[in-house]
2 protein chains.
Amino acid sequence: MCPHLNGDSLPNDPSQMVAVDLSNGTNGTAVHASSVKTNGANGHANSINARAQELQRRNPYAPRASDFLSNVSNFKIIESTLREGEQFANAFFDTKTKIAIAKALDAFGVEYIELTSPAASEQSRRDCEAICKLGLKCKILTHIRCHMDDARIAVETGVDGVDVVIGTSSFLREFSHGKDMAYITKTAIEVIEFVKSKGIEVRFSSEDSFRSDLVDLLSIYQTVDKIGVNRVGIADTVGCANPRQVYDLVRTLRGVVKCDIEIHLHNDTGMAIANAYTALEAGVTHVDTSVLGIGERVGITPLGGLVACLYAANPEYVKSKYNLPMLREIENLVAEAVEVNVPFMNPVTGYCAFTHKAGIHAKAILNNPSTYEILKPEDFGLTRYVSIGHRLTGWNAVKSRVEQLGLKLTDDEIKDATAKIKELADVRTQSMDDVDSLLRVYSSGIQSGELAVGQKEALDRLLRMHREHTTTRPSSPPPA
Amino acid sequence: MCPHLNGDSLPNDPSQMVAVDLSNGTNGTAVHASSVKTNGANGHANSINARAQELQRRNPYAPRASDFLSNVSNFKIIESTLREGEQFANAFFDTKTKIAIAKALDAFGVEYIELTSPAASEQSRRDCEAICKLGLKCKILTHIRCHMDDARIAVETGVDGVDVVIGTSSFLREFSHGKDMAYITKTAIEVIEFVKSKGIEVRFSSEDSFRSDLVDLLSIYQTVDKIGVNRVGIADTVGCANPRQVYDLVRTLRGVVKCDIEIHLHNDTGMAIANAYTALEAGVTHVDTSVLGIGERVGITPLGGLVACLYAANPEYVKSKYNLPMLREIENLVAEAVEVNVPFMNPVTGYCAFTHKAGIHAKAILNNPSTYEILKPEDFGLTRYVSIGHRLTGWNAVKSRVEQLGLKLTDDEIKDATAKIKELADVRTQSMDDVDSLLRVYSSGIQSGELAVGQKEALDRLLRMHREHTTTRPSSPPPA
C-alpha cells in the first residue's frame, strides 16, 4: 500500500495508523479490499483518498498524497555531536562530558552515535573504547579517513561500525589529498572488505559530494554497493546544496544502489534541516545530526530542528521513537559544554518558540492552538504563553486573561480596558503584573460605579490612586 | 535565452554574465548565434553547455542547467523587521530605534521596508508617517488586515504601498475571523480597489496558505489578479511547509496569475531559508525577511541567511544589490534592540562561521579557501581563522603557522611538533599563544642542537624551562 525502500516494519506508518482506525481494529488491507468491492474500478483511488482525508483531519500537515520514495516516516538518526560536534571551534569534550552526552543521546533514543576517529589522538582512542563499553542501546560508530592505518585502529575499539570518508570533488582531489578516482576506488574496496571481515557495519561516504563529478560518484557508489557496503553516504561538506539539488542527487542514487543511504549536511546557508527533510523524501535512510548543529564552521543539521520538522510531518511516529521532553535537557548539556547559548530562534526550545503576541494570533490560539502551532508544546514538555502587555495586543487575548483572573467584565468593558493597555504599551511594554493590576482596578471601578466605558479620566485617576497605594505588588502566575 | 517571468532587466543574470565573458564584450545573443552556425543542430545545446561550464568554472555552486522559472538571480526583498519583527516576544521599538533600523536597512539596499499597521496603535501610526518622511531609497509598505477601516488609515500615512492579509485556511476561518470565502473575496476586492484608487501599490495575501483549500486559494488569487493587484502573497503562517510543497504551490500559482508573487515563511521547523530559496526557484518575485529572523514565535526567513544562500548561488548579483559588509552591523543593531545574542550558528556572522578546525579541512583551506568555503569572508567584511591548538589538528595547518612565525623547520620536525601539540591538547585546548610558544621553543631547541626529532624528554625539559622563565607571555596576533 505505502511501500518503503529499505524499510523496517513500520507500526507507526501514518497510512497504517489511519487504516486501523477506519476499520475498527482490523488491518489496513481489509479496509482496502472492502472499498474495492464497493467502489469498483475507482475503489483503489477512493480508498487512498479516504485514508488521506482521515489523516488530514487528524494531522493537517501530513502530505495529501503518499510518496513511493519517502522515508519521512522511516529513518534513523546518526548523532554526531561526539564527532562532527568535536570539530566545532569551542568544543573540547573531556571523557566525562563525552560519556554524559552519549548516555543522554541514548536515553533520547537516537539509533546511532558517531565518535571522533580513534586515530586522531590517544585520548580519542581511549574515549572511543570507554563509550563502546557503556552498554548503550544505540549503535556506536567511528568516523575515519579512507585509509588502512585508520581502519586497523578503528576495528580494535569495539565499535559496531566504521564510517569511512574520502574527498571525491575535484577541489578536494586537487587541494586536499591529491588522489585520483582509480586510487580512491581501490583504497575504498580494500578498507571496506577489511572492516566487513571483522563482522561490523561499514559505510562509505564521499566528501563534498555536491561538487563531485556525478558519473565518478555514481560509479564508486555502485562499486562499493556490489561488494556489500552497508551504507553509502552523501556529504554536503561545504554547505552549498539546496533542497532540489539534494532531492535530485538522492533520487538518482536511490536508483543505482541497493544499500542504505546516509546524508550529512552542513549549514553554511541555513538550509541543513530542509535539505535533510528533502533527502528523506527522496529516499535516504539515515540522517547525520549534532545537538544544536555544532560542527565545523556553523555546523550541520541540528538534532532538535530535524526532530521538529519530522514531528510536524508525523507526530505519532516521532513520539514513538524519541523521548521528546529530553530535548531541552540535552541541548542545555551540550550548550554548557561548548559554552554557547541556545539560539533564541531555535526550533522547539528557542525561548519564545511558543509565545504568541499579535492580537489576531492570540485570539485564534485561545480558540484552538492548532491555528498557529504545528508543534504541541506539551509533547516536548514545554508550555504555551500568550503575551498581552504590548501595543499589538487584541481584546480577545485580554478577555482570556480577564476570565483567568475571575473578573466579570462585558465585551465592551474589555475592549475599553484593552485600549488603555495599548496606550500604556505604546510608551513601554507592560508586564503581566501591570496588565493584571490594570484589569483589577478597571473591574473594581466598574463594580463600585466609579467607572464606566469610555471614561478615560476616571480610569487614569483610579490607576494613579492604585499606584500610590501599592508599594509592593503581588506577583501573579503566568497564564496556563 | 534565459527568460524570467515578471522580470526586470537583469544585468547580473549569470548566463548573461558568462556570455559577455566568452564573447569578449559583445552580448550573449551574438555568442549564441555563432555557436549555432558552427555546431549545426546541436549548437543550441552545446552553447548552453559551454556557458554552463564556464559558469561552473567561475562558480562551482551555480546550477548546471538553467531553469525557466527561477528568480534566484532576480528578486526583491521586503524587509519586515519593523512589522513581523515587532511581533517578536522581546521587541519593543521606540521611534528612534525604528528610524535607525529603517535607515540601516535602506543603506544595506533592501528594496522594501514593511511597517506595523497604523491601525495597531496611535504610536504605530505616527512612526509610520515619520518613516515615510525620511526620504529613503527603498519603498515603504504597511501591513493591514483586509478591512476598509484599516485601509483608510493606511493610505493616509504616505506609504508607497499597502500589504493586505486575510486568513483563508479552514482553521483561521473557523477559529479566527469566522468569515466564508465569498465574504473574503468581496472584502478583498473592495479594499484592493480602494488602495489602487489612491495610486499606490497593493498586495493581497492569504494567511496560512499551506493549510488553505487549493481551489479556494487559486480562485481568489485569480480574481484579485484580474482586478489589477500588484502582488499576491503566499504565507506559511504556522511554519508547516517544506521545500517541495512550497515549490509545487508557487509553480502552480505562477501559472494562474500574471502579477508578482510574494512569499512569507515562518521558521518553526527551521526550513524558512530553504523554503524561500525554493520559492524563488519556482518563480516568486518578492521574499519577506526580518533581521535575524525575529517575529512571532521563532520568526521568519532571516535576512542574513537568505542573502547567504542567494550569494552562494550568484555572488556577483547579490554583491551588486546589497552592501554585504553592513550585514553584521545591522544584525548587531537589531540584536541589541531586542536584547538577544546573534546565534553562534548564524550564517555568515555566527562567530565561528569562518573558523576551520579539523586537520584535513585546515590543510585544504590553506591550499585553496574554496575547498571548504562557499562564502568569501572578505565579501562580508569578515576574516577567516584556522584553529590549530586542539587534538584534531594536522601538521599542514601547523606548517602554515610555522611559516607565519618565520621559523625554519623541516616537515619531519613540524610533524614531531604537531604530535606534541595534539598530546597537550588531549588534556586541554591550547591557545594560539600556547602553540606559538611551543613552536618557538621547538625551533630554538633545533637551532641550538639541544633537540632532534623524536626526543620527547628533551622537548618536555625545554618546555618546562620555558614556562619557568616566562612570567608574562607576549600575545601574538591571530593568523591572517
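The rules we used
Residues numbered from 1 in each chain as written. Chains lettered and ligands numbered in written order. Predicted model: local features only at pLDDT ≥ 70, side-chain atom pairs only at ≥ 80, totals over all residues. Heavy atoms only, no water. UniProt positions renumbered as here; feature names shortened; annotations may be inferred. Contact = heavy atoms within 4.5 Å. Buried area = accessible area lost by both parts, 1.4 Å probe. Salt bridge = Lys/Arg side-chain N within 4 Å of Asp/Glu carboxyl O. Polar contact = N/O pair within 3.5 Å; in protein donor to acceptor, adjacent residues only side chain to side chain. Helix = DSSP H or I, 4+ residues; strand = E, 2+ residues; numbered from the N terminus. Pairing = 2+ DSSP bridges. Axes fitted to C-alpha atoms, helices over the stretch in contact; angles between N-to-C directions. Disulfide = S-S within 2.5 Å. Core = buried A, V, L, I, M, F, W, Y, C linked by side-chain atoms within 4.5 Å. Buried < 20%, exposed > 50% of the residue type's maximum accessible area, 1.4 Å probe, protein only. Right-handed = clockwise from strand over helix to strand, strands pointing away. Phe/Tyr/Trp six-rings, centres within 6.5 Å; stacked < 30°, edge-to-face > 60°. Lys NZ or Arg CZ within 6 Å of the ring centre and 35° of its normal. Domains from an automatic or database assignment.

Per an unreviewed UniProt entry, chain A goes by homocitrate synthase and derives from Sparassis crispa. UniProt's Sequence similarities (unreviewed entry) comment on chain A is quoted here verbatim: "Belongs to the alpha-IPM synthase/homocitrate synthase family. Homocitrate synthase LYS20/LYS21 subfamily." On record in UniProt, under Pathway (unreviewed entry), the comment for chain A is "Amino-acid biosynthesis; L-lysine biosynthesis via AAA pathway; L-alpha-aminoadipate from 2-oxoglutarate: step 1/5."

The interface of chain B with chain A comprises 88 residues on the first partner and 87 residues on the second. Across the interface of chain B and chain A, roughly 7,800 Å² is buried in total on both sides, 59% from carbon and sulfur atoms. By the criterion of area lost to chain A, the three top residues of chain B are Arg244, Phe344 and Arg391 of chain B, representing 10% of everything that side buries. At the junction of chain B and chain A, the tally comes to six salt bridges. One salt bridge in this structure joins Arg244 of chain A and Glu281 of chain B, with 3.5 Å as the shortest N-O distance. The tally of links from chain B across to chain A stands at 17 residue pairs in polar contact (both at pLDDT 80 or more). Listing elements by their share of the side of chain B that touches chain A, those giving two or more residues are α5 (122-132), α7 (170-175), α10 (243-254), α11 (272-281), α12 (303-313), β9 (355-356), α15 (359-367) and α17 (411-425) of chain B.

Our next topic: the sheet that holds strand β7 (residues 260-265) of chain A. Residue and element names in this part refer to chain A. If you walk around this closed barrel you meet the eight strands as β1-β2-β3-β4-β5-β6-β7-β8, and the pairing is parallel. Put simply, the sheet's adjacent strands are angled 25 degrees from each other on average, direction ignored. Sheet analysis places strand β1 (residues 76-79) next to strand β8 (residues 286-289), joined by four bridges and oriented parallel. Across the sheet, residue Glu79 finds its bridge partner in β8, namely Thr289. The strands touched by helix α8 (residues 181-197) are β4 (161-167) and β5 (201-207); relative to β5, the strand with the most contacts, the crossing angle is about 160 degrees. Helix α12 (residues 303-313) rests against β1 and β8 of the sheet, and its axis sits at about 170 degrees to β1.

To continue, consider the state of the cysteines. Residues and elements named next belong to chain B. One pass over the structure, following the stated rule, counts zero disulfides over all chains. For the unlinked cysteine Cys138, the closest cysteine sulfur is that of Cys132, found at 10.0 Å. Cysteine Cys146 remains unbridged, with the sulfur of Cys259 as its closest cysteine sulfur at 15 Å.

A few words now on the sheet that holds strand β1 (residues 76-79) of chain B. Residues and elements named next belong to chain B. Strand order in the closed barrel formed by eight strands is β1-β2-β3-β4-β5-β6-β7-β8, with parallel pairing between adjacent strands. Across the sheet, the mean angle from the axis of one strand to that of its neighbour is 25 degrees, orientation sign disregarded. By the bridge criterion, two bridges tie β1 to strand β2 (residues 112-115) in an arrangement that is parallel. If you follow Glu79 over to β2, its bridge partner there is Ile113. Together, β1 and β8 (286-289) form the strand contacts of α12, whose direction differs from that of β1 by roughly 170 degrees.

Core analysis: the largest hydrophobic core is formed by 271 residues, its most contacted members being Phe108, Ile113, Phe204 and Leu439 of chain A together with Phe108, Ile113 and Phe204 of chain B. In this structure Leu439 of chain A touches Val398, Arg401, Val402, Leu405, Leu407, Ala417 and Ile421 of chain A, once residues within four positions along its chain are discounted.

Moving on, we come to the pairing of strand β5 (residues 201-207) of chain B. All names here are of chain B. Within β5, seven of the seven residues are buried, leaving the element largely enclosed by the surrounding structure. Two strands pair when backbone bridges link them, and strand β4 (residues 161-167) and β5 are joined in this way by seven bridges, in the parallel orientation. Bridging from a neighbouring strand, Val164 pairs with Phe204 of β5. For β5 and strand β6 (residues 231-236), the ladder comprises three bridges, and the chain directions are parallel. Opposite Phe204, over in β6, you have Val232 as the bridge partner. Handedness of the crossover joining β5 and β6 through helix α9 (residues 214-226) is recorded here as right-handed.

All names here are of chain B. Although it is not a glycine, Leu292 sits at a positive phi angle of roughly 60 degrees. Position of Leu292 relative to the elements: it lies in the loop between β8 and α12. Classification of Leu292 as buried rests on a relative accessible area of 5%.

What follows covers the packing of aromatic side chains. Applying the stated criterion to the full structure yields 10 aromatic pairs over all chains. What links up through ring pairs into an aromatic cluster is the set Phe75, Phe108, Tyr317 and Tyr322 of chain A. The ring of Trp395 of chain A is capped by Lys415 of chain A, whose NZ or CZ atom sits 4.7 Å from the centre of that ring. Across from the ring centre of Phe75 of chain B, 4.6 Å away, lies the NZ or CZ of Lys321 of chain B, which sits over that ring.

We now examine the domain arrangement of chain A. Residue and element names in this part refer to chain A. When cut into domains, chain A gives domain 1 (67-338) and domain 2 (355-470). Placing the centre of domain 1 and that of domain 2 at their C-alpha centroids yields a distance of 49 Å. Contact residues are listed per partner, giving nine residues for domain 1 and seven residues for domain 2. Taken together, both faces of the contact between domain 1 and domain 2 bury some 670 Å²; the carbon and sulfur share is 66%. It is Tyr311, Pro325 and Arg328 in domain 1 that bury the most area against domain 2; as a group they hold 54% of the surface buried on that side. Linking domain 1 to domain 2 there are three residue pairs in polar contact (both at pLDDT 80 or more).

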